[in-house]
Amino acid sequence: MAEGNSTASWNVYPVVTPESVAAAGDVIRHARSCGEGVFPHGGGHHRHVGYPPAKPGVLLSTQHWQQVADYPVRDMTITVQAGLPLARLQQILASEGQWLPVDVPLADQTTLGGALAVNLSGPRRYGYGTLRDYVIGIRFLSDEGVEIQGGGRVVKNVAGYDLMKLHIGALGTLGLITQVTLKVRPRPEASAAVVWGCSEQRLSEVLDTVHSSRTRPVAVEVLSRAAWQAMELAVSAPSAPWLLLVGFEEKASTVRWQLATLRDEIQRLHQQGPGLTDIMELAEPAAIWTRLTDWPDVSPWPIVEKVRVRPSQMAQRLLQYAANGDTDRQTLVHAHALTGIIWWHRAEAGTDHPEPDSILWRAPAEYKRQRPVWGRDEATSTWSFMQELKRALDPHNVFNPGRLFGNL
Amino acid sequence: MITAAVSTAAGGIAKEPASASPPEELVRRMQEIVGPDNVLTALADRAVYECDGFTLAKTRPDVVVFPRSTDQIVAIVRACRELNVPFLPRGAGTSLAGGCVPVGGGVLIALSRMKRILEINVRDRYAVVEPGVVNVWLTNALKPYGYHYAPDPSSQGACTIGGNVATNSGGPHTLKYGVTVNHILGVELVLPDGRVITCGGPVEDTPGYDLTGVIVGSEGTFGIVSKVWVRLTPNPQAYRTLLGVFDSIDDATNTISAIIGAGIVPAALEMLDRTMIQAVEAAFHFGFPLDAEAVVIMEVDGLEAGLQEEADRIEAIARAHRAREVRKARTEAERALLWKARKQAFGTIGRLGYPSYCTQDGVVPRTRLPEIMRFIVATARKYQLGICNVFHAGDGNIHPILMFDERDPDQVRRVLAASHEILAECIRLGGSVTGEHGIGVEKLDFMPLMFSQDDLHYMVRLRSAFNPDNRCSPGKMLPTAGGCAEGHQVVQTHPGRRAAV
């Protein structure tokens, strides 16, 4: 598995696995009193995100916290402990015909708490949004080792500050998430996905067409041919430098109409000139979404960048990577095309300058020392304000010291 | 607040705030920043800004200023800091919870002149607006593109995007589309010390903390939002809008629960009870059945393909729960009239013959709707009050409207006691005391019932990170240590008369 921050740097941290939330509070208070850190530990698959730890301390495992506290099925909400792996959560929901419509990588091990801390997502975020759209209540241990509650268990609630948002994407630097309440959805009746190939020249036009399509896809992905091959998907792809994957999930009749409509729309482009292949329907779209979701965390390439662009600039940026790429190797790049997220997998750092809107998702420690992990955002006054917020809510720098802001 | 209101109302005398004329230095500084035309100082002018839709709490601001740019807001808050006076933002003042009451006086920053739509970018699915843009203006501006801004509070003809951001507003269509925070991509915030930070923006997944998500719904206590990036949503291709007519409230609420339980995600499920139907029918002549105990507006939207089968399923569920009749909006005009009747329902309450009314905003898990509705009926009987209901049933977000005569102190007392009991019951059933109106000053007393002292202490720490001196929107959202925040600074006068949700 990927170990962007070297394994050695984590091996020195003892793991504690408290049975109770109260016992975890004691661990936090103890760490605070001796100036050490507490590193929340869920599935352990996303330690490569962010900077290396900046203090001695302990890995605090949430593995004992997997209880379902409350699942009022007909209210379509569920309250679970933060150590529950996503796959297990989805199983529980599936038994009632429901789901949390967020793609989370390595869902067998990734915990809900970990998914929130890293704000994980995947292809279907285009249709369903991200975790922030589904978390309606939270409990966490503060720097004082006290359990704090925000939100509630109803789908609509504006009492008090939104402490849920405070923790999503915070990389565990503001507290240890102990329990989460989610609003969930009915599972869609049908799902389908299609793939077709496209030349460099027509990529921009194709993306514009999908954007203005009469259909409502849940996912619109673009992959370089090299990326498709590297992922070893169990389906053959059309022969073209770029591949488009579009997914639909809805009532069966609605999905059928969308497949036919998109086919017509792309067919019309096809007739206007060369560079497009026929649309093929893919079997087992769920397996493909899983592979695309996991890939940034499991690809064998040592450097993975997450590039954030406006969706309208997507084609131009993808082509730029292809043009600048080493001619001996094809560029490994895939993207949530209409969301504006590009994943760029690299064998080596190379001499090309990284884009300022790129986040270094995964990289060897020595490369991380050479450039800001979070890109140009680190130079903004907003970033400074975030550091103030961290100091206000965790003045002793107990939670995941160093991981978000480096060595402060 | 509610207890304070009882005692004042019973005492019967409302006092004016102490300062009759604003401090000269403050006025001069404000005039220098925005020009004399953009400053209100006369007593009568300032009186307009002493409260919002929650008219139980009133405090007159010392001065009202109308900035036209972020730079002017910065200069205003810096001057307030130097002169040590509080300030707060105000949009259209449609808050029903006293969110716009200038507790402790000071400077009221009225954002209604920052009303430009700065950018519409359909390809990247966002727009940039100033905080004073009225909600419906944005949706109107988007019509030619086939897009809209999804959150549609019933007050959308008046309320501003900035106000929506402050309160994390909802509306009838939140059931499918979510509330304000789900549609805000970023904000520019003027911190109370005058620094400006840009949070989020048109590009997704900003690294670090989701400041945008924390600022939305903070009721103006973190700073002044001076610019907003909003998500644009493509218009649905088609709608099916049904009206279920029921002879009992239980049948209506059970239908709602069954529709959700069947795995359907309707765009809206809105309920009106018998009393509300009378008022709305008198005003709009829609043809609502006057003898029904409840009607439910049931709407599905999306792609045309498959939509009819979904509507048919909803109709079948309603009939299985003894709907007397299920009507269908056959034209866009019929649908528009139905929604007009729903969204302007509050404006028709005057027809019921009560001089005043007070709107509540509780939430229960949606399966508990039958229980809370029975409780409301029983509470109305217990306190001999007129109560009518029009609300977002699909979300479990109730809006009981308590009707009374504000000239009768005993009625006022009963209204406040009944409100309190209904909201306490919402908490007991696992819900919340506010789904979309906010805590403001109205519901400060309930915060300790929903949150522990540790929770509230943590929220104060969060606020202090943004607003260390509590100079920005003091006395809102969080009670002070004593339990009832700065209650002595709010002059209680008459109970509320108007509302729109």
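Residues numbered from 1 in each chain as written. Chains lettered and ligands numbered in written order. Predicted model: local features only at pLDDT ≥ 70, side-chain atom pairs only at ≥ 80, totals over all residues. Heavy atoms only, no water.

**Brief notes about the overall build of chain A**
Cut-off, in case you're wondering: Secondary structure elements are taken from DSSP: a helix is a run of H or I of four residues or more, a strand is a run of E of two residues or more, and numbering for both begins at the N terminus. A radius of gyration in this sense is built from C-alpha atoms; the matching globule rule multiplies 2.2 Å by the number of residues raised to 0.38. Summary of the burial criterion: residues with accessible area below 20% of their type's maximum are buried, those above 50% are exposed, and those between are partly exposed, where the area comes from a 1.4 Å probe applied to protein chains only. Between two residues, a contact is recorded if the distance between any of their heavy atoms is within 4.5 Å. Calculation of accessible area relied on Shrake-Rupley with a 1.4 Å probe; when residues are assessed, cover is drawn exclusively from the protein chains displayed. Asp and Glu are treated as the negative residues and Lys and Arg as the positive ones, with His and the ends of the chain left uncounted. Lys charges are placed at NZ, Arg charges at CZ, Asp charges at CG and Glu charges at CD.
When helices and strands are counted, chain A shows 13 helices and 18 strands. At 22 Å, chain A has a C-alpha radius of gyration in line with the 22 Å of a compact globule built from 408 residues. C-alpha extents for chain A along the principal axes are approximately 70 × 55 × 35 Å. For chain A, buried positions account for 63% of its 408 residues. Sequence-distant contacts in chain A: of pairs separated by 6 or more residues, those separated by 24 or more amount to 73%. Working note: accessible area of chain A is about 14700 Å², and carbon and sulfur atoms make up 47% of it. For chain A, the centre of its 39 positive side-chain charges and the centre of its 41 negative side-chain charges are spaced 4 Å apart.

**Section: the overall build of chain B**
Summing up its helical and strand segments, chain B has 16 helices and 22 strands in all. Its C-alpha atoms give chain B a radius of gyration of 23 Å, within 12% of the compact-globule value 23 Å for 501 residues. Principal-axis analysis of the C-alpha atoms gives chain B an extent of 70 × 60 × 45 Å. Looking at chain B as a whole, 65% of its 501 residues qualify as buried. If you take every contact in chain B between residues at least 6 apart in sequence, the share linking residues at least 24 apart comes to 74%. In the structure as shown, chain B presents an accessible area of about 16500 Å², 51% of it carried by carbon and sulfur atoms. Of the side chains in chain B, 50 bear a positive and 55 a negative charge, and the two mean positions are spaced by 2 Å.

**Brief notes about the side chain of B:Arg366**
We apply this condition: Salt bridge, as used here, is a side-chain nitrogen of Lys or Arg placed within 4 Å of a carboxyl oxygen of Asp or Glu.
Along the chain, B:Arg366 turns up in the loop between strand 18 (362–363) and helix 13 (369–382). Buried and unpaired, B:Arg366 has no salt bridge, with B:Asp395 as the nearest side chain of opposite charge at 4.4 Å.

**Observations concerning the domain arrangement of chain A**
The line we're drawing: These domain boundaries are the output of an automatic or database domain assignment.
Assigned domains within chain A: domain 1 (10–62), domain 2 (68–186) and domain 3 (190–366). For domain 1 of chain A and domain 3 of chain A, the distance between their C-alpha centroids amounts to 37 Å.

**Quick look at the packing of helix 13 (residues 381–393) of chain A against helix 16 (residues 453–466) of chain B**
Filter applied, for reference: Convention adopted: a line fitted to C-alpha atoms gives each axis, helices being fitted over their contacting stretch, and angles between N-to-C directions are expressed from 0 to 180 degrees. An angle counts as roughly parallel when it lies under 35 degrees, as roughly antiparallel when it exceeds 145, as roughly perpendicular when it falls between 65 and 115, and as oblique in every other case. The handedness criterion is simple: a crossing whose near helix is rotated anticlockwise from the far helix by less than a right angle is left-handed, and one whose near helix is rotated clockwise is right-handed. Residues were grouped as follows: Ala, Val, Leu, Ile, Met, Phe, Trp, Tyr, Cys and Pro as nonpolar; Asp, Glu, Lys and Arg as charged; and all remaining residues, including Gly, as polar.
The N-to-C vectors of helix 13 of chain A and helix 16 of chain B enclose an angle of 150°; their axes lie 9 Å apart at closest approach. By the angle between their axes, helix 13 of chain A is roughly antiparallel relative to helix 16 of chain B. In the crossing of helix 13 of chain A with helix 16 of chain B, the sense of the turn from one axis to the other is right-handed. Only B:Tyr458, B:Arg461, B:Leu462, B:Ala465 and B:Phe466 of helix 16 of chain B make contact with helix 13 of chain A, whose side of the interface consists of A:Phe385, A:Leu389, A:Ala392 and A:Leu393. Per-class residue counts for the contact of helix 13 of chain A with helix 16 of chain B are eight nonpolar, no polar and one charged.

**A few points about the packing of aromatic side chains**
Here the distance between the centres and the angle between the planes together describe a pair of aromatic rings. Residue and element names in this part refer to chain A. Where we set the bar: Paired rings are identified among Phe, Tyr and Trp, the last through its six-membered ring, by centres lying within 6.5 Å, and are further divided according to the angle between planes into stacked (under 30 degrees), edge-to-face (over 60) and tilted (the rest).
Taken as a whole, this structure holds 15 aromatic pairs over all chains when the rule is applied. When the ring of tryptophan 99 is compared with that of tyrosine 128, the centres are 5.2 Å apart and the planes differ by 85°; the resulting orientation is edge-to-face. One end of the pair, tryptophan 99, is in strand 6 (residues 98–99); the other, tyrosine 128, is in helix 5 (residues 125–128), and 29 residues separate them in sequence. Judged on exposure class, the residue tryptophan 99 and its partner tyrosine 128 are both buried.

**Some remarks on the sheet that holds strand 13 (residues 242–250) of chain A**
Residue and element names in this part refer to chain A. We count it as follows: Think of it this way: DSSP has to see at least two bridges between two strands before they count as a pair.
The strand order across the open sheet built from eight strands is 14-11-13-12-16-17-15-18, with neighbouring strands paired in antiparallel fashion. Strand pairing shows two members of the sheet lacking a second neighbour, strand 14 (280–282) and strand 18 (358–362), which therefore form its edges. Strand-to-strand, the axes of this sheet are offset by a mean angle of 25°, without reference to chain direction. The pairing of strand 15 (residues 303–308) with strand 18 spans four bridges and is antiparallel. Looking at strand 18, one finds that glutamate 305 is bridged to leucine 360. Across the face of the sheet, helix 7 (residues 203–211) comes into contact with strand 11 (190–198), strand 12 (219–224) and strand 13 while running at roughly 10° to strand 13.

**A short note on the domain arrangement of chain B**
All names here are of chain B. Note the following rule: By buried area we mean how much accessible surface two parts lose on assembly, using a 1.4 Å probe and totalling the loss over both. The term polar contact refers here to a pair of N or O atoms within 3.5 Å; inside protein, the definition further demands a hydrogen-donor-capable atom paired with an acceptor-capable atom, and it admits residues adjacent in sequence only when both atoms are side-chain atoms.
According to the domain assignment, chain B contains domain 1 (14–110), domain 2 (117–234) and domain 3 (236–342). For domain 1 versus domain 2, the separation of C-alpha centres amounts to 24 Å. With 14 residues of domain 1 at the contact, the number on the domain 2 side is 15 residues. For the pairing of domain 1 and domain 2, the buried interface totals around 1100 Å² over both sides, and the portion due to carbon and sulfur atoms is 71%. When the buried area of domain 1 at its contact with domain 2 is split by residue, Thr70, Ile73 and Pro89 rank highest and sum to 33% of it. Run the count over domain 1 and domain 2 and you get zero salt bridges. Connecting domain 1 to domain 2 are one residue pair in polar contact (both at pLDDT 80 or more). For the side of domain 1 that touches domain 2, the elements supplying multiple residues, two or more each, are helix 4 (70–83) and strand 4 (87–90). The dominant element in the side of domain 1 that touches domain 2, judged by the number of residues it contributes, is helix 4, at six residues.

**Quick notes on the sheet that holds strand 5 (residues 77–81) of chain A**
All names here are of chain A. The strand order across the open sheet built from five strands is 4-5-9-7-8, with neighbouring strands paired in antiparallel fashion. In the strand order of this sheet, the two ends are held by strand 4 (68–70) and strand 8 (147–151), each with one partner. Pairs of neighbouring strands in the sheet enclose a mean axial angle of 20°, with direction left out of account. Both strand 7 (residues 135–141) and strand 8 contribute to a ladder of five bridges, which runs antiparallel. Paired with arginine 139 across the strands is glutamine 149, a residue of strand 8.

**Considerations on the packing of helix 7 of chain A against helix 9 (residues 252–272) of chain A**
For any two helices packed against each other, one specifies the crossing angle of their axes together with the interaxial distance. Residue and element names in this part refer to chain A. Running from N to C, helix 7 and helix 9 point in directions that differ by 150°, and their axes come no closer than 10 Å. Comparing the axis directions of helix 7 and helix 9 gives the class roughly antiparallel. Handedness of the crossing formed by helix 7 with helix 9: right-handed. Residues Glu205, Val206, Thr209 and Val210 of helix 7 lie in contact with helix 9, whose contacting residues are Glu265, Ile266, Leu269 and Gln272.

**What about the interface of chain B and chain A?**
In this assembly, 87 residues from chain B lie in contact with 74 residues from chain A. Summed over both partners, the interface of chain B with chain A buries about 6700 Å², with 55% contributed by carbon and sulfur atoms. Per-residue buried area on chain B facing chain A is highest for B:Arg123, B:Tyr209 and B:Tyr458; these three make up 14% of the total on that side. Where chain B meets chain A, there are eleven salt bridges. If you look at where chain B meets chain A, you find 34 residue pairs in polar contact (both at pLDDT 80 or more). Every element with two or more residues in the side of chain B that touches chain A is listed here: strand 6 (117–121), helix 7 (174–177), strand 10 (196–200), helix 8 (211–215), helix 9 (249–261), helix 11 (307–320), helix 15 (447–450) and helix 16 of chain B. Broken down by element, the residue count for the side of chain B that touches chain A peaks at ten residues, all from helix 16 of chain B.

**Some words on the pairing of strand 7 of chain A**
All names here are of chain A. Within strand 7, six of the seven residues are buried, which leaves the element mostly enclosed by the surrounding structure. Inspection of the sheet shows strand 7 paired to strand 9 (residues 176–183) by six bridges, in the antiparallel sense. In the strand pairing of strand 9, isoleucine 138 is matched with valine 180. If you look at the hairpin formed by strand 7 and strand 8, you'll find five residues sitting between the two strands, and glycine 145 has a positive phi there, around 75°.

**Here we look at the side chain of A:His336**
Residues and elements named next belong to chain A. Relative to the helices and strands, histidine 336 is located in strand 16 (residues 332–336). Take histidine 336: its relative accessible area is 3%, and that puts it in the buried class. Beyond its immediate stretch of four places on either side in the chain, histidine 336 contacts Gly122, Pro123, Arg125, Val220, Glu221, Met314, Ile341 and Trp343.

**A look at the pairing of strand 7 (residues 126–129) of chain B**
Put simply, side chains in a regular strand alternate between the two faces of the sheet. Residues and elements named next belong to chain B. Taking every second residue as pointing to the same face, both faces of strand 7 are buried, with Tyr126 and Val128 on one and Ala127 and Val129 on the other. Relative to strand 7, strand 6 runs antiparallel, the two sharing four bridges. Looking at the pairing, glutamate 119 lines up with valine 128 of strand 7. In sequence, strand 6 turns back onto strand 7 through a hairpin of four residues, with arginine 125 there showing a positive phi of about 55°. As judged from the four bridges shared by strand 7 and strand 11 (residues 224–231), these two strands associate in the antiparallel manner. Considered in strand 11, the bridge of alanine 127 is made with valine 230.

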